[in-house]
Amino acid sequence: MAQEAPPRSKIPTKSPQPARGAASCRLGRARRTARRSIFAGGTGRAATRGGRPVIELECGITVYPARKKHGCWRAVWHENGERQQCEAASEEKLAARLAKVAERLEADAPNMTLRGADLIAFYLSADRLPVQRQWSRKHAHTQRRLCERFAAPVVGAVLCQDITTRHMQQIVNAAPTPGEGDRVRGMISALVTAGLQGGYLASGRLAQVHRQAGDRALPPPRASAAGESALWIDPAEVPADTDVAALGQALATGLHGDHDELMAVTAAYSGLRWGELAALTIGQVDAARREISVDRKVVEVAGHLFVEAPKNRKYRRTIYPRCTPAGYPLAERLAARLEQARAEQAAGTNPVGLVFPSPTGKYWRSSNFNRNVLQRAYRAAGWRDADGNGR
């Protein structure tokens, strides 16, 4: 007789609890993730307050859990040499409030609570750099102009911790031309670097922006040879001896005659920059050795002229030939000009003893010399056309 199988009890497979919606599940996961992101680096330690444990975060924040079920969570930390604290009704709310605090402490950036105007002031401060790395007067003026015109209107009132790449993109997009956009982009890069060093910013990604044309016209991209350096200059673009001679002859027929021709030839064959040429004095030229000591330059900043050390504060000596390849007697003409400048200085018409003074016996302004002297000579020598295009 076959035995019957014992009865099998049914195991319930459905949860008696009501199912939670998908949105509720996602919210719960998000809260747990946010809490873990702040408290993940914590380690418990014995507390002296009620015998309950506390959470110590690696960034220096101590979290005190609530004493009772609906009590407040509290966090304590030290910032800028002062004891700080905050409270929240739950662990999740406290974690949200501590997110920015943890970012500042982990980056050691206490100045992130200041405004963008304070960041700009720190960037432009002369005390930020050591003496040997101080900006030149002209560069300092340019950076101040760019900050005041483009950066301050966008981030001046924003907390440094709230500055995003969107703000930086807005700054560089405000530049009216591609060239100005490159200058603004360079300013932003230096500003972000200074902010990271000074504890105003925590992310170097803020500098990763470029000018976006939008509905504005873009210049066509320039093609270059493979492997060619960006500093490469085509030899065809360098004025030849005949080009310099043609420019000198065009200058000789101008208002100041041989004086301007000598000025151009001296610049071409001695390697002096414009500011160094305009500031050249009698005492800097050794006619016997055909040697020039370059120890100063003149710069124009906001309409004012200043005499300061040469570029990069580097003094140097340079020489010039007795005669140019085109046959111009440079040494003879320059020696004669030195004697003439000494006579002008003695008469009081050239007080500084400039080798190439303006008609009033003072320093030339580059804009005046370009407009009154060079432009006409460029066209006469064939360097540029009537529209100003060319070299």
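Within any chain, residue numbers begin from 1 and follow the written order of that chain's sequence. Since the coordinates come from a predicted model, pLDDT governs what is reported: local features require at least 70, and pairs of side-chain atoms require 80 or more to be given and counted, while whole-chain, interface and lining totals use all residues. Note that water and hydrogens are dropped before the side-chain values are worked out from all heavy atoms of the structure.

**Some remarks on the packing of helix α5 (residues 165–173) against helix α6 (residues 178–198)**
For any two helices packed against each other, one specifies the inter-axial angle together with the distance between the axes. This is how it is decided: Lines fitted to the C-alpha atoms define the axes, with helices restricted to the stretch that makes contact. Angles between their N-to-C directions range from 0 to 180 degrees. Counting from the N terminus, the helices are the DSSP runs of H or I reaching at least four residues and the strands are the DSSP runs of E reaching at least two. Crossing chirality is assigned from the near helix's rotation relative to the far helix, an anticlockwise turn below a right angle marking it left-handed and a clockwise turn marking it right-handed. Residue contacts are defined here by distance: any two heavy atoms, one from each residue, within 4.5 Å place the two residues in contact. Lys, Arg, Asp and Glu make up the charged group, whereas Ala, Val, Leu, Ile, Met, Phe, Trp, Tyr, Cys and Pro make up the nonpolar group; the residues left over, Gly among them, are polar.
With their axes 9 Å apart at the nearest point, α5 and α6 run at an angle of 150° to one another. Between α5 and α6 lies a crossing whose hand is right-handed. Along the contact surface, α5 presents Met-168, Ile-171 and Val-172, while α6 presents Gly-181, Val-184, Arg-185, Met-187, Ile-188 and Val-192. Classifying every residue of the contact of α5 with α6 gives seven nonpolar, one polar and one charged.

**Brief notes about the nonpolar core**
Soluble globular proteins tend to pack their nonpolar side chains together in the buried interior. We count it as follows: Here the nonpolar core consists of buried residues drawn from Ala, Val, Leu, Ile, Met, Phe, Trp, Tyr and Cys, with membership extended through side-chain atoms lying within 4.5 Å. Summary of the burial criterion: residues with accessible area below 20% of their type's maximum are buried, those above 50% are exposed, and those between are partly exposed, where the area comes from a 1.4 Å probe applied to protein chains only.
Of all hydrophobic cores here, the largest spans 31 residues; its most connected members are Val-285 and Phe-356. Looking at this core, the elements that each hand over two or more residues are α7 (241–252), α8 (258–270), β7 (291–294), α10 (330–347) and α11 (366–381). If we skip the residues at most four places from it in the chain, Phe-356 touches His-259, Leu-262, Met-263, Thr-266, Leu-277, Leu-280, Leu-334 and Trp-364. Residues Leu-119, Leu-146, Ala-207 and Val-209 belong to the second largest nonpolar core, which totals 28 residues.

**Observations concerning unusual backbone geometry**
Positive phi values are uncommon outside glycine, yet Asp-108 reaches one of about 55°. Within the fold, Asp-108 resides in the loop between α2 (91–107) and α3 (116–124). When its relative accessible area of 62% is taken as the criterion, Asp-108 is described as exposed. The backbone phi angle of Arg-290 is positive, close to 55°, even though this residue is not glycine. Along the chain, the position of Arg-290 falls in the loop between β6 (285–286) and β7. Judged by its relative accessible area of 24%, Arg-290 falls in the partly exposed class.

**A closer look at helix α4 (residues 137–155)**
Threshold: Multiplying 1.5 Å by the residue count of a helix minus one yields the expected span of that helix.
The end-to-end C-alpha distance of α4, which contains 19 residues, comes to 25 Å, matching closely the 27 Å that a straight helix rising 1.5 Å per residue would cover. Within the span of α4, buried status applies to Gln-143, Leu-146, Cys-147, Phe-150, Ala-151, Val-154 and Val-155. For α4, the secondary structure elements touched by its buried residues are α3, α5 and α6.

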